[in-house]
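Residue-level structure breakdown
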Amino acid sequence: LSAQDSDDCNHLGAWLWFIEITGFDTHAEIADSLSNMGVKRIYVKVADGGINPAVWPELLDASVVADYKSRGLEVWAWSYNYPGNDSLQAEALYLAAETGYEGFVVDVEIEFDGDSTNLSNLFTAFNQARDRAFSDGLAEADFPLYCTTWGNPIDHDFRIDVIDPFVDAFMPQTYVEIWGQSFIDNQVFWIEVGNDEYADLGATKPIHHICATEQDNMSSAELNEFIATSGPETSLWRIPGGGTPLSIWEDWAGVEWDMNFCEPVSTKELQQHA
């Protein structure tokens, strides 16, 4: 396989929360660091419970998108969301598409535990915003809408079945690092448990796990095992800074960001990543 063919199968990503806490002055500097390591995609936060460019200027700043794209990264937007005010929250997707982002992730967590009505309302609004972006020529027909939420949704009485009709994929927060060492030691098992749990709750769309690296408790080898198990759209939460050890960059540097997913990973290869 050529390098280009391999890259077409690899969309490994990293999440950005606030640039202000990373120690970088510009998105161009972050883009250089990620690109030099081989990261393929970045998820940039653009909204929190609504659209407020004063707080999240990335929502409307096309130069942010250009900084990452010019260095070969796919650039997606994400927002944290709450019950109510659905149309205003969903407007973030429309504006992100207009700015040039290539996909959007809706983050829904504790505020929606056991709440099917508000989940349905929110994702209906996001789906309508995406349809408007399509009809207005702001997004291509394959502009993806993903959802990220709990890695253990059953424990949260979380209605995955309500979300499934609206999204193209799920991104469980399978934070084995935060759950404890026993979960890190058995992460292949817990990723598979997560896949089964999502399916049992009604997920029919692809599942791409997010791995937390906030505590610097996972080695590069353990991160590689997680990625090899989860697949080509695995991502790491989050770009270090703001209370997370900067030594996490050393772990990220040892990640096999160019892992080839064009062919199924064999059991032997998976064991080599462990």
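Details of the structure are given in the entry above.
Described in the following lines is the structure provided in the data block.

Thresholds applied
Residues numbered from 1 in each chain as written. Predicted model: local features only at pLDDT ≥ 70, side-chain atom pairs only at ≥ 80, totals over all residues. Heavy atoms only, no water. Helix = DSSP H or I, 4+ residues; strand = E, 2+ residues; numbered from the N terminus. Rg over C-alpha atoms; globule rule 2.2 N^0.38 Å. Buried < 20%, exposed > 50% of the residue type's maximum accessible area, 1.4 Å probe, protein only. Contact = heavy atoms within 4.5 Å. Areas by Shrake-Rupley, 256 points an atom, 1.4 Å probe, with all protein chains shown as cover. Lys, Arg positive; Asp, Glu negative; His and termini not counted. Charge placed at Lys NZ, Arg CZ, Asp CG, Glu CD. Core = buried A, V, L, I, M, F, W, Y, C linked by side-chain atoms within 4.5 Å. Salt bridge = Lys/Arg side-chain N within 4 Å of Asp/Glu carboxyl O. Phe/Tyr/Trp six-rings, centres within 6.5 Å; stacked < 30°, edge-to-face > 60°. Lys NZ or Arg CZ within 6 Å of the ring centre and 35° of its normal. Disulfide = S-S within 2.5 Å.

Before going further, it helps to examine the overall build of the chain. The helix and strand inventory of the chain stands at 12 helices and eight strands. Taking 274 residues into account, the globule formula puts the C-alpha radius of gyration at 19 Å, and the chain, at 18 Å, falls close to it. For the chain, buried positions account for 53% of its 274 residues. Long-range contacts, defined as pairs at least 24 residues apart, comprise 78% of the intrachain contacts of the chain with a sequence gap of at least 6. A total of about 11200 Å² of accessible surface is found on the chain, and carbon and sulfur atoms cover 48% of it. In the chain, which carries 11 positive and 47 negative side-chain charges, the distance between the mean positions of the two groups comes to 5 Å.

With that settled, the discussion passes to the nonpolar core. Nonpolar side chains tend to gather and get buried jointly when the protein is soluble and globular. Membership of the largest hydrophobic core comes to 73 residues, with the highest contact counts inside it found for Leu34, Ile42, Tyr68, Phe104, Val108, Phe123 and Trp252. Formed by 12 residues, the second largest nonpolar core is a distinct cluster that contains Tyr146, Ala169, Tyr175 and Ile210.

Opposite charge on two side chains allows them to pair when their charged atoms are near. Under the criterion given, the structure shown has nine salt bridges. When the shortest N-O distance is used, the salt bridge between Arg41 and Glu233 registers 2.8 Å. Taken together, the positions of Arg41 in strand S2 (residues 41-48) and Glu233 in the loop between helix H10 (220-230) and strand S8 (235-237) put the pair 192 residues apart, joining distant regions of the chain. No difference in accessibility class separates Arg41 from Glu233, as the two residues are buried. Here Asp168 ties to Arg130 by a salt bridge, and the two come within 2.7 Å at their closest N and O atoms. Separated by 38 residues along the polypeptide, Asp168 in the loop between helix H6 (160-163) and strand S6 (169-173) and Arg130 in helix H5 (residues 116-135) bring together distant segments of the chain. When its relative accessible area of 33% is taken as the criterion, Asp168 is described as partly exposed. A relative accessible area of 9% means that Arg130 is categorised as buried.

What follows covers the packing of aromatic side chains. Applying the stated criterion across every chain, the model contains 17 aromatic pairs. Measuring from ring centre to ring centre gives 5.7 Å for Tyr43 and Trp76, while their planes differ by 70 degrees; the resulting arrangement is edge-to-face. Residue Tyr43 is located in strand S2, and its partner Trp76 is located in strand S3 (residues 74-80); the two are separated by 33 residues in the primary sequence. Side by side, Tyr43 and Trp76 carry an identical accessibility label, which is buried. Across the ring face of Tyr94, the terminal group of Arg132 is positioned such that the distance to the ring centre comes to 4.1 Å.

Our focus in this paragraph is the state of the cysteines. All chains considered together, the criterion is met by one disulfide. Here Cys9 engages in a disulfide with Cys262; their sulfurs sit 2.1 Å apart. For the disulfide bridge between Cys9 and Cys262, the dihedral angle about the S-S bond is near 105 degrees, and by the sign convention the bridge is right-handed. Here the residue Cys9 occupies a position in the loop between helix H1 (3-8) and strand S1 (13-16), and Cys262 occupies one in the loop between helix H11 (248-253) and helix H12 (267-273), the gap between them amounting to 253 residues. The exposure class assigned to Cys9 is partly exposed, which follows from its relative accessible area of 24%. Looking at the unpaired Cys147, the closest cysteine sulfur is the one in Cys211, lying at 18 Å.

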